[in-house]
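# Structural overview
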Amino acid sequence: MVKIEIEGSQLILDTGDITQERVEAIVNAANSSLMGGGGVDGAIHRAGGPDILEECKEIRKKKGKLPPGQAVITTGGKLKARYVIHTVGPVWHGGQKNEGEVLKQAYRNCLDLARKNGIRSIAFPSISTGAYRFPVDRAAGIAIDTIYTYLSKYKGVFEKVKMVLYTEADYNIYVSKYNKIIHKS
Ligand code: AR6
């Protein structure tokens, strides 16, 4: 695990299963339908139970599909986390379709939604780097840079922001990006 303090908030990188995190909100890498899916989305709905999907259905009725880069919030159901923030990352199409900017928006909009709901601890999975095929190395740089910039701007708003990586390989990639961005090493 690595941990650093940024203007009164902790930024943590760790391996693990995000459904087991004891934070106020976990982020779901969903799809625009908000009706569930595979990967981390499937794991969150399985562990959290049917209340999450019921709320997603209500959101769909009111707002329609969720565009990539946007975020919405529901209860955490049976999860340890009180809330789930659902976002939709970009599908990787080779990098010519604004994928990087959309990924950055996804992280930023999740942080905005958390902040506006008074949430002080949040955990992210590696958005878009599974089924959506965004290269992990690039995604790691965007995730860390966006979170770092956010915590520097909104000083002390969050107690902690955690990236929960599912594999050791992904964790190592995130740590090496983190060292480059934060320690400039
Ligand atoms: N905890 C933490 N990370 C996880 C977990 C877990 N329990 N399970 C998987 N991951 P993906 P995407 C990692 O495919 O690329 C879904 O079907 C996984 O190893 O879940 O944004 C949605 O419904 C990878 O590093 O999300 C969408 O249709 C990361 O989570 C689509 O996939 C993201 O992989 C979204 O694709």
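Residues numbered from 1 in each chain as written. Predicted model: local features only at pLDDT ≥ 70, side-chain atom pairs only at ≥ 80, totals over all residues. Heavy atoms only, no water.

## Remarks on the pattern of salt bridges
- Under the counting rule described, the total for this entry stands at six salt bridges.
- Two residues, Arg108 and Glu101, come together in a salt bridge whose shortest N-O distance is 4.0 Å.
- Judged by its relative accessible area of 31%, Glu101 falls in the partly exposed class.
- Note that Asp137 and Lys177 form a salt bridge whose closest N and O atoms lie 3.6 Å from each other. Separated by 40 residues along the polypeptide, Asp137 in helix α4 (residues 136-153) and Lys177 in helix α5 (residues 168-182) bring together distant segments of the chain.
- Taking relative accessible area as the criterion, Asp137 reaches 40% and is therefore assigned partly exposed. (Salt bridge = Lys/Arg side-chain N within 4 Å of Asp/Glu carboxyl O. Buried < 20%, exposed > 50% of the residue type's maximum accessible area, 1.4 Å probe, protein only. Helix = DSSP H or I, 4+ residues; strand = E, 2+ residues; numbered from the N terminus.)

## Thoughts on the site of the ligand
- Within the structure, the ligand sits among 21 residues, and Asn31, Gly38, Asp41, Gly130 and Ala131 are positioned closest to it.
- At 3.4 Å from an oxygen atom of the ligand is found a side-chain nitrogen or oxygen belonging to Thr129.
- Surface burial for the ligand is 89%, taken as the share of its 700 Å² of free accessible area covered by protein chains.
- Of all the secondary-structure elements, those providing two or more residues to the shell around the ligand are β3 (25-30) and α1 (39-48).
- Per-element tally for the shell around the ligand: the top contributor is α1, with four residues.
- Among the residues forming the shell around the ligand, the class breakdown is eight nonpolar, ten polar and three charged. (Near = heavy atom within 4 Å. Polar contact = N/O pair within 3.5 Å; in protein donor to acceptor, adjacent residues only side chain to side chain. Areas by Shrake-Rupley, 256 points an atom, 1.4 Å probe, with all protein chains shown as cover. Nonpolar A, V, L, I, M, F, W, Y, C, P; charged D, E, K, R; others polar.)

## Observations concerning the UniProt feature "domain: Macro" (unreviewed entry) in the chain
- Per the UniProt annotation, the sites labelled "domain: Macro" (unreviewed entry) are residues 1-182.
- The distance from the first to the last C-alpha atom of residues 1-182 is 15 Å, and the span holds 41% helix and 21% strand. (UniProt positions renumbered as here; feature names shortened; annotations may be inferred.)

## Section: the packing of aromatic side chains
- The final tally for this structure, using the stated rule, is four aromatic pairs.
- Summarising the aromatic geometry, the rings of Tyr107 and Phe124 are spaced 4.9 Å apart at their centres and angled 40° between planes, so their arrangement reads as tilted. Of this pair, Tyr107 sits in helix α3 (residues 99-116) while Phe124 sits in strand β6 (residues 121-124), and the two are 17 residues apart along the sequence. Across this residue pair, the class does not change: Tyr107 and Phe124 are buried.
- An aromatic cluster of at least three residues, connected via ring pairs, comprises Tyr150, Tyr154 and Phe158.
- Positioned above the aromatic ring of Tyr154 is the side chain of Arg115, whose terminal nitrogen or guanidinium carbon lies 4.0 Å from the ring centre. (Phe/Tyr/Trp six-rings, centres within 6.5 Å; stacked < 30°, edge-to-face > 60°. Lys NZ or Arg CZ within 6 Å of the ring centre and 35° of its normal.)

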